[in-house]
Each structure stands twice: as structure tokens, then as C-alpha cells.
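Coordinate inspection notes
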Amino acid sequence: MGSHASRDDIPDAIGKFARIAAGERWDEVGLEGSAGRIGQEIRTYYEELACELADGPAGPWAVERWFYERTETGKVLLEARRRMRDAGAPQLAWFLLAPASRE
């Protein structure tokens, strides 16, 4: 884990992104620090988990597909990203929540 969120911070951070995805203003949910960087920490947490659960090496893009298409957290980050972008949040606040190819 990195400098923007620890393992213990992950559930609270996911909850804040869920509030954004549900329609609360991104700048009123209490995200401390860079939303994009916190989103990256969440993804890193899940990527580490996926590696522990896998029976062998994951194929190209398999972990990304699993995270964004199969986990509720991945879906929440995508929706929060859309809402932040549409609400006029600075690009650096929402852009890093998902790869550019994800919509």
C-alpha cells in the first residue's frame, strides 16, 4: 500500500466513493488527499488480493477486467469517476480512478 491510504483506510475510502457514485458532491464527502491517488491505492489493494487468490499467473488485463467488471468496488470507482468528471471536478481528481480506456 502507498502513502495515500493504508489497508485500514480502504473500507472508509470505498464508502466515500460509493457516496459520490450515489450522487453526493465529490468535494463534500471528506476525501482527504488526492481522490485519484486514493483510488489507485484501492486498486492496488485489490490487485494484491487477486494475486493471492489466483491459482497461477493472471493473463494480460485479467486483474483489471476482474476489478472493474466483477467487483462492486470497481463499479463504484467507475461511477464515481463519471460523476466527478460530469460535475466539473479537476481532471486529476477523477482521471486516475480508472484506466483511460474504461468508461
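Refer to the structure above for everything that follows.
Residues numbered from 1 in each chain as written. Predicted model: local features only at pLDDT ≥ 70, side-chain atom pairs only at ≥ 80, totals over all residues. Heavy atoms only, no water.

Looking at the element boundaries, Tyr45 is found in helix α2 (residues 35-53). What makes Tyr45 partly exposed here is its relative accessible area of 27%. On a C-alpha basis, the gap between Tyr45 and Ile10 in space is 8.1 Å, while along the polypeptide they are 35 residues apart. (Helix = DSSP H or I, 4+ residues; strand = E, 2+ residues; numbered from the N terminus. Buried < 20%, exposed > 50% of the residue type's maximum accessible area, 1.4 Å probe, protein only.)

The next subject is the nonpolar core. If you look at the biggest cluster of nonpolar residues, it comprises 24 residues, and the most contacted ones within it are Phe17, Ile20, Leu31, Ile42 and Met84. Residue assignment for this core shows that the elements contributing at least two residues are α1 (10-21), α2, α3 (62-70), α4 (72-86) and α5 (91-94). The element that contributes the greatest number of residues to this core is α1, accounting for 6 residues. Beyond its immediate sequence surroundings of up to four residues, Leu31 is in contact with Lys16, Phe17, Ile20 and Ile38. (Core = buried A, V, L, I, M, F, W, Y, C linked by side-chain atoms within 4.5 Å. Contact = heavy atoms within 4.5 Å.)

Take Ile10: it is sitting in helix α1. Relative accessible area serves as the criterion here: at 2%, Ile10 is assigned to the buried category. Distance from Ile10 to Ile42, taken between C-alpha atoms, is 6.2 Å for residues 32 residues apart in sequence.

Moving on to the packing of α3 against α4. Direction vectors running N to C along α3 and α4 enclose 75 degrees, while the axes themselves pass 5 Å from each other. One element, α3, and the other, α4, form an angle in the roughly perpendicular class. Residue-level contacts link Phe67, Tyr68, Glu69 and Arg70 of α3 to Glu72, Thr73, Gly74, Lys75, Leu77 and Leu78 of α4. Each residue belonging to the contact of α3 with α4 can be placed in one class, and the counts come to 4 nonpolar, 2 polar and 4 charged. (Axes fitted to C-alpha atoms, helices over the stretch in contact; angles between N-to-C directions. Parallel < 35°, antiparallel > 145°, perpendicular 65-115°, else oblique. Nonpolar A, V, L, I, M, F, W, Y, C, P; charged D, E, K, R; others polar.)

The subject of this paragraph is α4. Between its first and last C-alpha, α4 extends 21 Å over 15 residues, near the 21 Å set by a 1.5 Å rise per residue. Two residues or fewer after α4 comes Gly88, characterised by a positive phi angle close to 85 degrees. (Expected span 1.5 Å × (residues − 1).)

So, about the pattern of salt bridges. Applying the stated criterion across every chain, the model contains 10 salt bridges. Across the pair Arg19 and Glu24 runs a salt bridge whose closest N-O atoms are separated by 3.0 Å. Given a relative accessible area of 36%, Glu24 falls into the partly exposed group. By sharing partners, the salt bridges in this structure join Arg25, Asp27 and Glu28 into a single network. (Salt bridge = Lys/Arg side-chain N within 4 Å of Asp/Glu carboxyl O.)

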